[in-house]
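Inside the fold
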Amino acid sequence: MSRDGSSVVRTKRMDVEVEDCGQVYLMDRGDYEAAGRSNDSGTHSVGLIKLEERGLASLNIATQWGEIPFTVTAADQDPGADLDGYEDIVEISFEAPSGEVFLVGWLMDWDDEKAHDLSLLLSGPGTYRLRYHIRGIDEERCRVDDHYLQIWPEPQHGPAVLKTTDEAFQHLL
C-alpha cells in the first residue's frame, strides 16, 4: 500500500513474440538459471496456466505464433477480476524466489531483448497470485487486451477457475 493507504497498481503493455507452441512463459530468473528444481506448490495446472517448475509458469494463448499483445498488472493486493470483459479467467499461486521475473514467448533460441522484464512491477521475492484473463481462444484470435495477467503478493493456496465459456478451455483442463 502507498503511504496514504491506497492500493499500488502498475500496468505494462507489451508485444510478446511467440515462434510456435501457443504459449508464453512467466519465469523467475533465479530458478530459470537453476532449472530442474521441483515445484513444491502442490497443484501444477489450472487449464490456461501450468506451473512447469518452481519459478516457471506457461500460459496458453489464443494463437500458435506471432506478436501477442499482452497486458500485465501488478498490485500490492488483489486488483479484482474483470468478470465481464473476459471469457475465461483462472488463478494459481506462483513462487518468485529471486523476484526477477520475465514474460517471454516460446522462442527457438533465448533472446534477452525479447524478454519483457516485469521485476519493477513486483515487490521482490515471494509468493504471488496469478490471475489470467483471456478471450478469443475458440476463434484463435489475438487482439489487444485479449491476454491479461494480474499479479499480486498472496500466500500459497489452491488454483481456481473463476469463469469459463470457451470450448477450447475445456480441453485444457
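Residues numbered from 1 in each chain as written. Predicted model: local features only at pLDDT ≥ 70, side-chain atom pairs only at ≥ 80, totals over all residues. Heavy atoms only, no water.

Okay, the nonpolar core next. Counting residues in each nonpolar core, the largest one holds 33 residues, and the members touching the most others are Leu26, Phe70 and Tyr132. Residues in contact with Tyr132, not counting those within four places in the same chain, are Leu48, Ile49, Leu59, Asn60, Ile61, Phe70, Asp88, Ile89, Val90, His147, Tyr148 and Leu149. Judged by nonpolar contacts, the second largest core, of six residues, contains Tyr25, Met27, Leu56 and Val104. (Core = buried A, V, L, I, M, F, W, Y, C linked by side-chain atoms within 4.5 Å. Buried < 20%, exposed > 50% of the residue type's maximum accessible area, 1.4 Å probe, protein only. Contact = heavy atoms within 4.5 Å.)

Turning our eyes to something else, we now look at the pattern of salt bridges. By the definition in use, this model includes five salt bridges. Linking Arg131 and Glu91 is a salt bridge whose minimum nitrogen-to-oxygen distance equals 2.7 Å. Taken together, the positions of Arg131 in strand β9 (residues 126-134) and Glu91 in strand β6 (residues 88-96) put the pair 40 residues apart, joining distant regions of the chain. For Arg131, a relative accessible area of 3% corresponds to the buried category. Notably, a salt bridge pairs Asp146 with Arg135, separated by 2.9 Å at the nearest N-O pair. On the criterion of sequence distance, the pair formed by Asp146 in the loop between β9 and β10 (147-153) and Arg135 in the loop between β9 and β10 is long-range, its members being eleven residues apart. The network of salt bridges with common partners includes Asp78, Glu91, Arg129 and Arg131. (Salt bridge = Lys/Arg side-chain N within 4 Å of Asp/Glu carboxyl O. Helix = DSSP H or I, 4+ residues; strand = E, 2+ residues; numbered from the N terminus.)

With that out of the way, let us pick up the packing of aromatic side chains. Throughout the structure, instances matching the rule amount to two aromatic pairs. When the ring centre of Tyr86 is taken as origin, the NZ or CZ atom of Arg135, which lies over that ring, is 4.5 Å away. (Phe/Tyr/Trp six-rings, centres within 6.5 Å; stacked < 30°, edge-to-face > 60°. Lys NZ or Arg CZ within 6 Å of the ring centre and 35° of its normal.)

Further remarks concern the side chain of Glu91. Classification of Glu91 as buried rests on a relative accessible area of 9%. Among the polar contacts made by the side chain of Glu91, one reaches the side chain of Arg129 at a distance of 3.1 Å. A polar contact of 2.7 Å, which involves the side chain of Glu91, links it to the side chain of Arg131. If we ignore the near neighbours within four places in the chain, the residues touching Glu91 are Val46, Arg129, Leu130, Arg131, Trp152, Pro159, Ala160 and Leu162. (Polar contact = N/O pair within 3.5 Å; in protein donor to acceptor, adjacent residues only side chain to side chain.)

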